[in-house]
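Given next are the chains, with one letter for each unit.
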Amino acid sequence: ALEVDIASPNAGNIAKGFFETWFEPHRIVPTQSGNEGFVTGYFEPEIKASPKKTERFKFPILKRPDDLVAIDDQSRPVDMDASFFFAKKLNGKLVEYEDRKAIETGALDSKGLELFWFENRIDIFFIHIQGSARLVMPDGEIKRISYAGKTGHPFTAIGKLLVERGELTLENVTMQSIRAWLENHPDQSDALMQENRSYIFFQEIDHPDRELGPVAAAGVALTPGRSLAVDHRLQTFGTPIWVTTDKPLPDSSTSFARLMFAQDTGSAIVGPARGDLFIGTGFEAGQIAGRIKHDADFIAFLPIDRAK
């Protein structure tokens, strides 16, 4: 293990020597045409919520139902799409779980799964996208929730749908512009969000450290600016990955080049040269994360077997 006092003036050289001695770089090659990968950003929203339903807080986030089970290529029914890694156990059989539209129109209402309540479905939708949230209760108490499972349906990017329908352009599609469209079209917002059939379930976590992000898929608290979400089917959690971009991130004037660590995953992160940078918690982090859509290179540092 490497232990370095980051305040030491020689800390950078020690870390550099460690990786040069024990690791070798391997460029991660995209599977699609083109020479570069792609990086986006995500964050932990901070949102007002309530532990109980009220006149103001009417829409629930749900905890994981008991009949939701993880499946793999061996246990998946032959008639179920190969993209499904979750299913519903019903009378001893595995079937496709209810999707977002079915759940939001009452399919699970009788199961008592309500975890916290929110003012609108748009807040919930973006918590689903980010996979975690810090919640501010009416009395000011802070709660945190994180991913606990999903229905298994493929993720559909509603920003892409809005571009295809001429509502947004490829140049201006960001998290902020998508949210603005949803808020400005209340009669169409539910239907659009429900086209993303994937539905996420959550759990409350005991994690009071405000300096760190939520505990994510790798089982560790995320570090702003250092934690990277990857396609966990292709990348191993804990892998050091050097990420570079030609253009600066929204909060910088220089191009991004930094050693990140694979510590999370997400439904929209698909492919080997694909990553999602964890920016941090709250509004400002969201303003940065929502505008990151950069071509990028990924260099994985893999351990050298010195025994050979």
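You'll find the structure just up there.
The structure displayed is predicted, hence computed values, not measured ones.

Novice: Would you explain the layout of surface pockets in this entry?
Specialist: By rolling a water-sized probe across the atoms, one finds the places where empty space is left. Size it by volume and the second largest pocket reaches roughly 320 Å³. Lining the second largest pocket are 13 residues, and of these Phe43, Pro45, Met175, Arg179 and Phe283 lie nearest its centre. At the level of elements, β3 (46-48), α3 (121-130), α5 (175-184) and α7 (283-289) are the ones that each hand at least two residues to the lining of the second largest pocket. A class-by-class count of the residues in the lining of the second largest pocket yields 6 nonpolar, 4 polar and 3 charged.

Novice: Would you take a moment to explain the packing of aromatic side chains for this structure?
Specialist: For any pair of aromatic rings, the description rests on two quantities: the centre-to-centre distance and the angle between the ring planes. For the coordinates displayed, the defined rule picks out 8 aromatic pairs. Their ring planes at 55° and their centres at 5.9 Å tell us that Phe18 and Phe23 sit as a pair that is tilted. Linked through ring pairs, Phe18, Phe19, Phe23 and Phe301 together constitute an aromatic cluster. Just above the ring of Tyr97 sits the side chain of Lys88; from NZ or CZ to the centre is 5.4 Å.

Novice: What is the right way to read the sheet that holds strand β6 (residues 86-90) from this model?
Specialist: Hydrogen bonds between backbone atoms are what pair the strands of a sheet, whose relative direction is either parallel or antiparallel. Across the sheet, 3 strands lie side by side as β5-β6-β7; this open sheet has antiparallel pairing. Only two strands of the sheet have a single partner each, and these edge strands are β5 (68-70) and β7 (93-95). Across the sheet, the mean angle separating the axes of adjacent strands is 50° when strand polarity is ignored. With 3 bridges connecting them, β5 and β6 associate as antiparallel partners. Bridged to Ala70 within β6 is Phe86.

Novice: Looking at this model, I keep getting lost on the environment of Glu114. Mind explaining?
Specialist: Mapped onto the elements of the fold, Glu114 is located in strand β8 (residues 114-118). Along the backbone, Glu114 and Gln235 are 121 residues apart, and their C-alpha atoms lie at a distance of 33 Å. Those residues in contact with Glu114 that lie beyond four places of it in its chain are Pro60, Ile61, Leu62 and Asp109.

Rules and cut-offs
Residues numbered from 1 in each chain as written. Predicted model: local features only at pLDDT ≥ 70, side-chain atom pairs only at ≥ 80, totals over all residues. Heavy atoms only, no water. 1 Å grid on protein atoms, 1.4 Å probe; cavity = no way out; pocket = protein on both sides within 12 Å on 5 of 7 lines; lining within 4 Å. Points joined across faces, edges and corners; volume = space filled by probe spheres on them. Helix = DSSP H or I, 4+ residues; strand = E, 2+ residues; numbered from the N terminus. Nonpolar A, V, L, I, M, F, W, Y, C, P; charged D, E, K, R; others polar. Phe/Tyr/Trp six-rings, centres within 6.5 Å; stacked < 30°, edge-to-face > 60°. Lys NZ or Arg CZ within 6 Å of the ring centre and 35° of its normal. Pairing = 2+ DSSP bridges. Axes fitted to C-alpha atoms, helices over the stretch in contact; angles between N-to-C directions. Contact = heavy atoms within 4.5 Å.

Function cannot be inferred from these measures alone, as they are strictly geometric.
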